[in-house]
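# Fold and geometry: a report
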Amino acid sequence: MAHDKLTVAVLGPGGVGGLLAALLARAGHRVICLAGDSTADTLRTTGIHVRSSRHGDFTTPVAADTELREPVDACLITVKATALDAALPRVPASALGDALLVPFLNGVEHPARLRSRYRPDQVAPAVIRVESTRVAPGEIEHTSPFTEIDLTGDPVPRHRLDTLAAALTGADLTTRVLDDEAAALWAKMAFLAPFALLTTRYGLPLGDIRSHHRDELTALVAETAAVSRACGGPANPAEALARFDTFPPGTKSSMQRDAEAGRPLELDAIGAAVLRAAEQHDVPVPVATRLVQELRAAGH
């Protein structure tokens, strides 16, 4: 990745992947979206149309295929955790070559899974803070006033991370490279797990959770902070609670939206992963345990 313009594959051009693909393509990079036959046909024909107060309203052409068939500099994995196993055959290790593999998945366990399948020093996990939705194939609505990326990867050579970060930054994506992979992933997980579990369990937006389930929110934030600390991540429950209080009251988690739409939930990647890490480090998490059990009992 020594040259200015990269070739980037995007596995799963949905809300996040479609936005990243469109912004990179608009910046002049070659982008190949990897998806099913119907979506790939649509993207080849119409490109990707983005509506965003932050990035503008624009349409950009992209390449599309059902499987990676040519060398790339990086492959961004932007499917949900529930779809990861089914999607990975679109990226054969033999086709990936020396490219970076950059998962934008919720949770903390996927890097190890990917490193068991691909070369470990190619896997560069990323955390993204954004609200972006695919309303139809090739139609992306970006509604958050920001698109922020943390790029990391303990075994990945730093110059490779810096080169990709520069390309993302040049595509209007606020990007920084972090040295500590566990800290980067747990910084998001410790916030995401309480948000996802409570909004989904009660079917309420964040404002109602803050008002009517404040004690549970406070306890769950403390539990996930303790697990984060045990796993080498940050732990500041007061700061996390203060951050929750800044969000608009109507804010919903992606897990809650999946539940409302009848889609599979990332319960294993988020809630159950917290329980597994807690058990490994002997951290008590009674509130998280109960919420995961109740969501499973409800059929999730």
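Described below are features of the structure shown in this document. Note that this is a predicted model, so its numbers are computed, not measured.

With respect to topology, five strands assemble into an open sheet ordered β5-β2-β1-β6-β7, the strand pairing being parallel. The open sheet has two edge strands with one neighbour each: β5 (63-65) and β7 (100-103). Strand-to-strand, the axes of this sheet are offset by a mean angle of 20°, without reference to chain direction. Helix-sheet contacts for helix α1 (residues 15-26) involve β1 (7-11), β2 (30-34) and β6 (74-77), and the interaxial angle to β2 is about 160°.

One non-glycine residue, D172, lies in the positive phi region at around 75°. Along the chain, the position of D172 falls in the loop between α6 (158-170) and β12 (174-177). Even without glycine at this site, D282 takes up a positive phi of about 55°. Residue placement: D282 occurs in the loop between α12 (268-280) and α13 (286-297).

Before going further, it helps to examine the packing of helix α7 (residues 181-202) against helix α11 (residues 254-261). How two helices pack is summed up by the angle between their axes together with the distance between the axes. Contact geometry for α7 and α11: axes closest at 7 Å, N-to-C directions at 30°. In terms of axis orientation, α7 runs roughly parallel to α11. Here α7 and α11 pass one another in a crossing that is right-handed. Across the interface between the two elements, A196, T199 and T200 from α7 touch M255, Q256 and A259 from α11.

Of all the five residues making up strand β3 (residues 48-52), four are buried; the element is thus mostly covered by neighbouring parts of the structure. Here β3 folds back onto strand β4 (residues 56-60), and the loop between the two strands holds three residues. Judged from the four bridges that link them, β3 and strand β10 (residues 139-142) form a sheet pairing that is parallel. Looking at the pairing, V50 lines up with I140 of β10.

The next subject is the side chain of S52. Among the secondary structure elements, S52 is positioned in strand β3. Within the structure, the side chain of S52 is placed 2.8 Å from the backbone nitrogen of H55, a separation counted as a polar contact. In this structure the side chain of S52 is engaged in a polar contact, spanning 2.6 Å, whose partner is the side chain of H142. Look past the residues within four positions of S52 in its chain and what remains in contact with it is D57 and H142.

We now examine the nonpolar core. I48 and V102 are the most contacted members of the largest nonpolar core, which totals 39 residues. It is α1 that contributes the most residues to this core, seven residues altogether. Here I48 is in contact with G18, A21, A22, C33, L43, F58, T59, T60, V62, G138 and I140, once residues within four sequence places are set aside. Listed in part, the 38 residues of the second largest apolar core include V221, A273, V274 and V292.

Conventions we followed
- Residues numbered from 1 in each chain as written.
- Predicted model: local features only at pLDDT ≥ 70, side-chain atom pairs only at ≥ 80, totals over all residues.
- Heavy atoms only, no water.
- Pairing = 2+ DSSP bridges.
- Helix = DSSP H or I, 4+ residues; strand = E, 2+ residues; numbered from the N terminus.
- Axes fitted to C-alpha atoms, helices over the stretch in contact; angles between N-to-C directions.
- Contact = heavy atoms within 4.5 Å.
- Parallel < 35°, antiparallel > 145°, perpendicular 65-115°, else oblique.
- Left-handed = near helix turned anticlockwise from the far one by under 90°.
- Buried < 20%, exposed > 50% of the residue type's maximum accessible area, 1.4 Å probe, protein only.
- Polar contact = N/O pair within 3.5 Å; in protein donor to acceptor, adjacent residues only side chain to side chain.
- Core = buried A, V, L, I, M, F, W, Y, C linked by side-chain atoms within 4.5 Å.

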